[in-house]
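These are the residues of each chain, in order.
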Amino acid sequence: MQQQLIKLKPLISLLIATILLFVITVIIGRVLIPFISALILAYVLNPMVDKLQNKYKINRKITALVFSLLILFIFIAIPVYLVPVLIGQFKAVLDKVPQIITLLNHSILSKFNLQLGTHLQLDLNSLKQVAIANQAKINSLDLVQKVAQNGVILIEVIVYLVLIPFALFYSIIGWHSILKFFDEMIPRSFTHPMHMLVKDIDTMLSSYLRGQLSVMFVMACYYSIALTIVGLPSGTAIGIITGLLVFIPYLGVLSGLTFAMTIGLAQFTGSANLLAIFAAFAVGHVLEGALVTPFLVGGRIGLNPIMIILALMVFGKVFGLVGVLLALPLSTIAVVLLRHAKKYYKSTHYYRD
């Protein structure tokens, strides 16, 4: 941990610069989403690129091209594979809604009613009436508008998926030039303390981002294999989704478990398979918390699960997707600034006297 005391001026300067960049980003809006995503990916990949360049003498442009094409392949492969599978499972669940409701009423709600003295019960006819009532509100004009809006969004997503690898290629090539540009903007009077702050932020943020990406990959492999062994239809797709969502503490696993159990209710007739699905997620959650995350991420990040969830929810709610992308970097900067501000405060005469 850095022992040297950093004065108030560098702390305030970094805070103001961060706020200004964030405000500009929010004002411009979704236009910057692919470029922010590319910069985050370049930040994560840059140590590997530097190592390949310095140790193995691999040209930086070649490495940048390989990583960009790999990201493009992932962006294309995931929706092409996952979307049809998820649509198929959604249709299968809809076809089995009567059986699912019957199973829930007899196997679960009946036990709750017996224990609590309640009369809870799912009614299929009521659900049908709600669906018909909502469907009646949608006229042809609304339908056309929704299709048109979704078409525009789809085109925008496709453009982003192509633009992110393109921006990533040039971000990796010019990464050191980007760092040099911002470094030259620092007032020379406190270059050293600012470097100390940036180093602390980099240590915390890189520990989380690079480690968490490794955790997501490992857990996606685990859930895919475990759910396939259990016999859950489309277990690989559900495992990949769950693995990608584990960066959201608890909520990711709960979302995957809910989705898997819903499909399990539609596909399986006995309770043994459902218990196996629950066991797979329980083991995965324990494995992630006790072994995978401590080993790959470590305990140095200083971002507890509640802070991560709160940051993602608040920034996402207020600023949309841009806020989600910047939530963790801004939270990391805030944690480092507060830590040094606390040390500065304790060194003042106001605190000591």
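The text that follows walks through the structure, step by step, so that each part is easy to find. (Residues numbered from 1 in each chain as written. Predicted model: local features only at pLDDT ≥ 70, side-chain atom pairs only at ≥ 80, totals over all residues. Heavy atoms only, no water.)

## Quick notes on the packing of helix α2 (residues 33-54) against helix α7 (residues 175-184)
Reasoning step 1: Remark: α2 packs on α7, axes separated minimally by 10 Å, with the N-to-C direction vectors making an angle of 115°. Regarding the angle of α2 to α7, the classification is roughly perpendicular. Contacts between α2 and α7 pair L39, A42, Y43, N46 and D50 from the former with W175, H176 and I178 from the latter. (Axes fitted to C-alpha atoms, helices over the stretch in contact; angles between N-to-C directions. Helix = DSSP H or I, 4+ residues; strand = E, 2+ residues; numbered from the N terminus. Parallel < 35°, antiparallel > 145°, perpendicular 65-115°, else oblique. Contact = heavy atoms within 4.5 Å.)

## Let's talk about the packing of aromatic side chains
Reasoning step 1: Summed over all chains, the structure comprises 9 aromatic pairs.
Reasoning step 2: Ring centres of F166 and Y170 lie 5.2 Å apart, and the angle between their planes is 65°; on these two criteria the pair is classed as edge-to-face. Remark: Y170 and F166 occur in helix α6 (residues 140-173); sequence separation between them is 4 residues, near one turn of the helix.
Reasoning step 3: Between Y222 and Y223 the ring centres are 5.1 Å apart and the planes differ by 70°, which places this aromatic pair in the edge-to-face class.
Reasoning step 4: The class of Y223 is buried, set by a relative accessible area of 0%. (Phe/Tyr/Trp six-rings, centres within 6.5 Å; stacked < 30°, edge-to-face > 60°. Buried < 20%, exposed > 50% of the residue type's maximum accessible area, 1.4 Å probe, protein only.)

## Observations concerning the environment of L103
Reasoning step 1: Within the secondary structure, L103 is located in helix α4 (residues 97-116).
Reasoning step 2: Taking C-alpha positions, L103 is 9.7 Å from A266, a pair spaced 163 residues apart along the chain.

## Quick word on unusual backbone geometry
Reasoning step 1: You will see that K57, though not glycine, has its phi angle at about 60°, which is positive.
Reasoning step 2: As for its placement among the helices and strands, K57 is situated in the loop between α2 and α3 (60-95).
Reasoning step 3: In the Ramachandran plot, S234 falls in the positive-phi region, its phi being about 60° despite a non-glycine side chain.
Reasoning step 4: Checked against the element boundaries, S234 lands in the loop between α8 (191-230) and α9 (235-245).
Reasoning step 5: By relative accessible area, S234 is classed as partly exposed at 25%.

## Remarks on the nonpolar core
Reasoning step 1: Counting residues in hydrophobic clusters, the biggest one holds 32 residues, and the most contacted among them are Y43, L168, I172, L209, F315 and L326.
Reasoning step 2: Only α2, α3, α6, α8 and α12 (305-347) provide two or more residues apiece to this core.
Reasoning step 3: Dropping the residues within four chain positions of it, L168 is found in contact with A38, L41, A42, L45, F67, S68 and I71.
Reasoning step 4: V215, A226, I238 and V253 belong to the second-largest nonpolar core, a separate cluster that totals 26 residues. (Core = buried A, V, L, I, M, F, W, Y, C linked by side-chain atoms within 4.5 Å.)

## Considering the pattern of salt bridges
Side-chain pairing between opposite charges can occur once the charged atoms of the two side chains come close.
Reasoning step 1: Taken as a whole and assessed by the stated rule, the structure comprises 1 salt bridge.
Reasoning step 2: D50 is the salt-bridge partner of R60, the closest N and O atoms lying 2.7 Å from each other. With R60 in helix α3 and D50 in helix α2, this residue pair connects regions lying 10 residues apart in the sequence. Both residues of the pair, R60 and D50, belong to the buried class. (Salt bridge = Lys/Arg side-chain N within 4 Å of Asp/Glu carboxyl O.)

## Let's talk about α9
Residues spaced three or four apart along an α-helix point in a common direction, a consequence of the helix completing one turn every 3.6 residues.
Reasoning step 1: Of all the positions in α9, only G235, A237, I238, G239, T242 and G243 are classed as buried.
Reasoning step 2: In the core, the buried residues of α9 are packed alongside α3, α8, α10 (251-267) and α11 (271-296).

## Considering the packing of α8 against α11
Reasoning step 1: Look at α8 against α11: their axes get within 10 Å of each other, and the N-to-C directions meet at 160°. Taken together, the axes of α8 and α11 lie roughly antiparallel to each other. α8 and α11 meet at a crossing whose hand is right-handed.
Reasoning step 2: In terms of residue class, the contact of α8 with α11 is made up of 16 nonpolar, 6 polar and 1 charged. (Left-handed = near helix turned anticlockwise from the far one by under 90°. Nonpolar A, V, L, I, M, F, W, Y, C, P; charged D, E, K, R; others polar.)

## Thoughts on the side chain of D50
Reasoning step 1: Given a relative accessible area of 16%, D50 falls into the buried group.
Reasoning step 2: Aside from chain neighbours lying at most four places away, what touches D50 is K55, R60 and H176.

## Quick look at the environment of W175
Reasoning step 1: Looking at the element boundaries, W175 is found in helix α7.
Reasoning step 2: Counting along the chain gives 132 residues from W175 to Y43, while the straight-line C-alpha distance between them is 8.2 Å.
Reasoning step 3: Apart from the residues within four sequence positions on either side, W175 is in contact with L39, A42, Y43, N46 and R60.

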